Amino acid sequence: MHPAYSVIVFTTASGAGYGLLIWLSAGVALGLVPRTPALGFTGLGIALSLVTLGLLSSTLHLGRPERAWRAFSQWRSSWLSREGVAAVATYLPAGALGLGWVFGETMPGQVTTAAWLAIAGSLVTLWCTGKIYSSLTTIRAWNQPLVPPVYIALALGTGGLLACALLPMFGADARWAAAASVVSLVVGWVLKRRYWTAIDSAARTHTAEAATGLGHLGTVRPLDPPHTQPNYVMREMGYQVARRHALKLRKVAVGLLFLMPLALLIWLLAPLPAFAQLTLAIAAVLSGVIGVLVERWLFFAEAEHVVVVYYRGGAA
Amino acid sequence: MTSLPEASAKKLGLVIDLDTCVGCHACATSCKEWNSNGYSAPLTDDDAHGGDPHGTWLNRVHSYEVGDGAESRTVNFPRSCLHCETPACVTVCPTGASYKRASDGIVLVNPDTCIGCKLCSWACPYGAREYDHGDGTMKKCTLCVDRIYNETMAPEDRVPACVRACPTGARHFGDLGDPQSAVSILVAERAGFDLLPEFGYNPVNKYLPPRARKDREVTPRAIEAPLRAGPGSNADRFFAWVDKALSR
């Protein structure tokens, strides 16, 4: 599948945003972070800006962005529509949380209740994002049960890294966020490894013989293409990344997304001056973000659509 | 609403005969011509007169080599929307622009509400939907919905443009929900089949397989030795001398 940069930026930015929203909400609901207005304003501001930036970026993928509002209507059948509804619905508790945190509660328990609802909304939105891909039976590498859990784990991991960089700026304890990030990244790493094993071993069950219904006559080999230049179907669905490049990029993704941030997080536990701590945390964020961009690019580039068998024969 | 309607009694669709299709692309070009002006308009092209001409077409004709040795044959294979009974391209649509008509089963895209998110093209295993870069919306076969009910046209023209254009009668249009219709009888007689039935989308369009050869027994002939002398022969040396002499 063609890796559309708008969709890669969308899932990366909004994933990190929801992850940060989840950890800040959990922190404030469990009393792990101080309810200082500056932290609430900055932290939730960054989280919601990332989410909004991602959602706006996703509309760049559309041929008719001015009609994007119509995508909220078909939640009964479409995971894409459900994602849109869940994303907008999550703004409500996130907004109530922000108002209660920054300006004080207008009703008792506002912050805690809104925090839990914001966590639920974020998780539902991330789950819907994963389901958009994993529900497509036409793409072997996406039609995998591990796709939504990986989306959630990586959102929690990158959001946790942001929290590790943010909390010390406001004098808050970041050790719990570091622990949460370590757990999320390790879980994400394990799930991603299992996902790669799954897609590498999944059988290519759809053949050109079945696609044309001509298998009873023998093997089916393309002779004359229907058109001289690649069309939309080939450009969008026939994107291919060389296998050896993919393996190299998987190593880059593992290094930047998991190994480097985990090493930096462990280093953070040592007694360090505040400035050094902040530098390490920011380095971990940058590494994780670049790593997740590579991971997301590969998620598209490695995915093969069944329609390619009409053009190149063989199996997909 | 992109939830699927109750199964319609009427199932309009095409039956494509892979035995008689000669791969002339008349169906594809007549489709492009008709639909550039009708329901699907515009059907735009990129770089039409440049080095990388490509554009939106609703019908594509592949040619395959099938089988091995003396039994191998060329099969021409037109590919377009199959107007599935339970298509995922409809249910994944977030806006309701992609829909299946309850009255006759035709799968259409509403050009006024499509946002061009391309998800329906990802969901279709048949590559039937193409994104129109010029219009920003998805395009697909309409079964020439603007011809088949058009009472201003002569009755023989009230069929999809591809069916009207086919010079060998390889394309048939009709109601596949009616077991007594000409197309249903044809499918039953010729063992018409579905493409990729394992996806469970229940295509309405059917394909008819190439007929078995019955002209003669096929016996592979031994390939005769080429007449030309091999390298190193006297003739080769002679021509090499001529070539050298003339090159001086």
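Residues numbered from 1 in each chain as written. Chains lettered and ligands numbered in written order. Predicted model: local features only at pLDDT ≥ 70, side-chain atom pairs only at ≥ 80, totals over all residues. Heavy atoms only, no water.

Along its length, chain A carries 11 helices and 1 strand. Going from N to C terminus, chain A has its helices and strands arranged as α-α-α-α-α-α-α-β-α-α-α-α. Here the C-alpha radius of gyration of chain A, 22 Å, is about what a compact globule of 316 residues would show, namely 20 Å. Summarising its shape, the C-alpha atoms of chain A cover approximately 75 × 45 × 30 Å along the three principal directions. For chain A, contacts bridging at least 24 residues in sequence account for 78% of all contacts bridging at least 6. Carbon together with sulfur atoms contributes 72% to the accessible area of chain A, which is approximately 13,100 Å² in total. In chain A, the 22 positive side-chain charges and the 11 negative ones have mean positions that sit 3 Å from each other. (Helix = DSSP H or I, 4+ residues; strand = E, 2+ residues; numbered from the N terminus. Rg over C-alpha atoms; globule rule 2.2 N^0.38 Å. Contact = heavy atoms within 4.5 Å. Areas by Shrake-Rupley, 256 points an atom, 1.4 Å probe, with all protein chains shown as cover. Lys, Arg positive; Asp, Glu negative; His and termini not counted. Charge placed at Lys NZ, Arg CZ, Asp CG, Glu CD.)

The geometry of an aromatic ring pair is captured by two quantities: the separation of the ring centres and the angle between the planes. Applying the stated criterion across every chain yields a total of 22 aromatic pairs over all chains. A ring pair is formed by W142(A) and F299(A), whose centres lie 5.3 Å apart and whose planes are at 15°; its orientation type is stacked. Note that W142(A) is positioned in the loop between α4 (110–134) and α5 (147–166) and F299(A) in helix α10 (residues 274–301), a separation of 157 residues in sequence. Each of the two residues, W142(A) as well as F299(A), counts as buried. Aromatic ring contacts, followed pair by pair, group Y133(A), W142(A), Y151(A), Y195(A), F299(A), F300(A) and W122(B) into a single cluster. The positively charged end of K118(B) is found above the aromatic ring belonging to Y131(B), 4.3 Å away from the centroid. Lying over the aromatic face of W34(B), R147(B) brings its terminal NZ or CZ to 4.6 Å of the ring centre. (Phe/Tyr/Trp six-rings, centres within 6.5 Å; stacked < 30°, edge-to-face > 60°. Buried < 20%, exposed > 50% of the residue type's maximum accessible area, 1.4 Å probe, protein only. Lys NZ or Arg CZ within 6 Å of the ring centre and 35° of its normal.)

Residue and element names in this part refer to chain B. Here the amide bond leading from A41 into P42 is cis, since omega sits at -5°, within 30 degrees of zero. Structurally, P42 can be placed in the loop between α1 (26–35) and β2 (45–46). In this structure, L196 is a non-glycine residue whose phi angle is positive, near 40°. Examined against the element boundaries, L196 turns out to sit in the loop between α6 (182–190) and β11 (206–208). What makes L196 buried here is its relative accessible area of 1%.

Moving on, we come to the state of the cysteines. Structurally, a disulfide amounts to a covalent bond that connects the sulfur atoms of two cysteines. All names here are of chain B. Summed over all chains, the structure comprises 0 disulfides over all chains. Here C24 is not cross-linked by a disulfide; its sulfur's nearest cysteine counterpart is in C166, at 6.3 Å. Here C31 is not cross-linked by a disulfide; its sulfur's nearest cysteine counterpart is in C144, at 6.4 Å. Judged by its relative accessible area of 9%, C31 falls in the buried class. (Disulfide = S-S within 2.5 Å.)

Another point: the pattern of salt bridges. Residues and elements named next belong to chain A. For the structure on display, the rule yields 24 salt bridges over all chains. D173 is paired through a salt bridge with R175; the nearest N and O atoms lie 3.3 Å apart. Residue classification places D173 among the partly exposed residues on the basis of a relative accessible area of 37%. For R175, a relative accessible area of 58% puts it in the exposed group. Between R312 and E304 there is a salt bridge, and its shortest N-O distance comes to 2.4 Å. (Salt bridge = Lys/Arg side-chain N within 4 Å of Asp/Glu carboxyl O.)

Next up on the list: the interface of chain B and chain A. Taken together, the contact between chain B and chain A spans 61 residues of the former and 56 residues of the latter. Contact between chain B and chain A buries roughly 4,800 Å² in total, counting both sides, with carbon and sulfur atoms accounting for 58%. The three residues of chain B that bury the most area against chain A are Y64(B), I115(B) and W122(B), which together make up 16% of that side's buried surface. Inspection of the region where chain B meets chain A yields 4 salt bridges. The shortest N-O distance in the salt bridge between D52(B) and R235(A) comes to 3.0 Å. Between the two partners, chain B and chain A, sit 33 residue pairs in polar contact (both at pLDDT 80 or more). (Buried area = accessible area lost by both parts, 1.4 Å probe. Polar contact = N/O pair within 3.5 Å; in protein donor to acceptor, adjacent residues only side chain to side chain.)

So, on to the sheet that holds strand β1 (residues 12–17) of chain B. Residue and element names in this part refer to chain B. Taken in spatial order, the 3 strands of this open sheet run β10-β1-β11, and their pairing is mixed. The sheet terminates laterally at β10 (171–175) and β11, the two strands that pair on one side only. Strand-to-strand twist in this sheet, taken as the mean axis angle between neighbours without regard to direction, amounts to 25°. Pairing between β1 and β11: 3 bridges, direction parallel. Residue pairing in the sheet places D17 in a bridge with L208 of β11. On the sheet, α6 packs against β1, β10 and β11 and is oriented at approximately 120° with respect to β10. (Pairing = 2+ DSSP bridges. Axes fitted to C-alpha atoms, helices over the stretch in contact; angles between N-to-C directions.)

Attention now moves to the sheet that holds strand β4 (residues 59–66) of chain B. Here we have 3 strands laid out as an open sheet, ordered β1(A)-β4(B)-β5(B), and antiparallel in their pairing. Strands with a single pairing partner mark the edges of an open sheet, and in this sheet they are β1 (220–224) of chain A together with β5 (73–80) of chain B. Sheet twist, expressed as the mean angle between neighbouring strand axes with direction ignored, is 40°. Pairing of β4(B) with β5(B) involves 8 bridges; the strand directions are antiparallel. Within β5(B), the residue paired with V66(B) across the bridge is R73(B).

Here S80(B) shows up in strand β5. Residues contacting S80(B), with those up to four places away along its chain left out, are L58(B), N59(B), A128(B), R171(B) and Y207(B).

Attention now moves to the nonpolar core. In terms of nonpolar packing, the biggest core is built from 149 residues, with Y133(A), W142(A), Y310(A) and W122(B) touching the most fellow members. Ranked by residues supplied to this core, first place goes to α5(A) with 14 residues. In contact with W142(A), other than residues within four places in its own chain, are M1(A), Y133(A), S134(A), L136(A), V147(A), Y195(A), F299(A), F300(A), A303(A) and W122(B). Membership of the second largest hydrophobic core comes to 7 residues, among which are L176(B), V183(B), V187(B) and V204(B). (Core = buried A, V, L, I, M, F, W, Y, C linked by side-chain atoms within 4.5 Å.)

So, about a nonpolar patch on the surface. Taken together, the side chains of W69(A), F72(A), W75(A), V85(A) and V88(A) define a hydrophobic patch exposed on the protein surface, amounting to about 500 Å² of accessible area. Locating W75(A) in the fold gives a position in the loop between α2 (37–59) and α3 (79–103). (Patch = residues over 30% accessible without salt bridge, like charges linked within 9 Å, V, L, I, M, F, W, Y side chains within 5 Å.)

Our next topic: the pairing of β1(B). Residues and elements named next belong to chain B. With respect to burial, β1 is a largely interior element, 6 of its 6 residues being buried. Burial along β1 is two-sided: the residues L12, L14 and I16 and G13, V15 and D17 are all buried. As defined by bridge partners, β1 adjoins β10 across 5 bridges and the pair is classed as antiparallel. Residue V15 lies in a different strand from β10, and its bridge partner there is H172.

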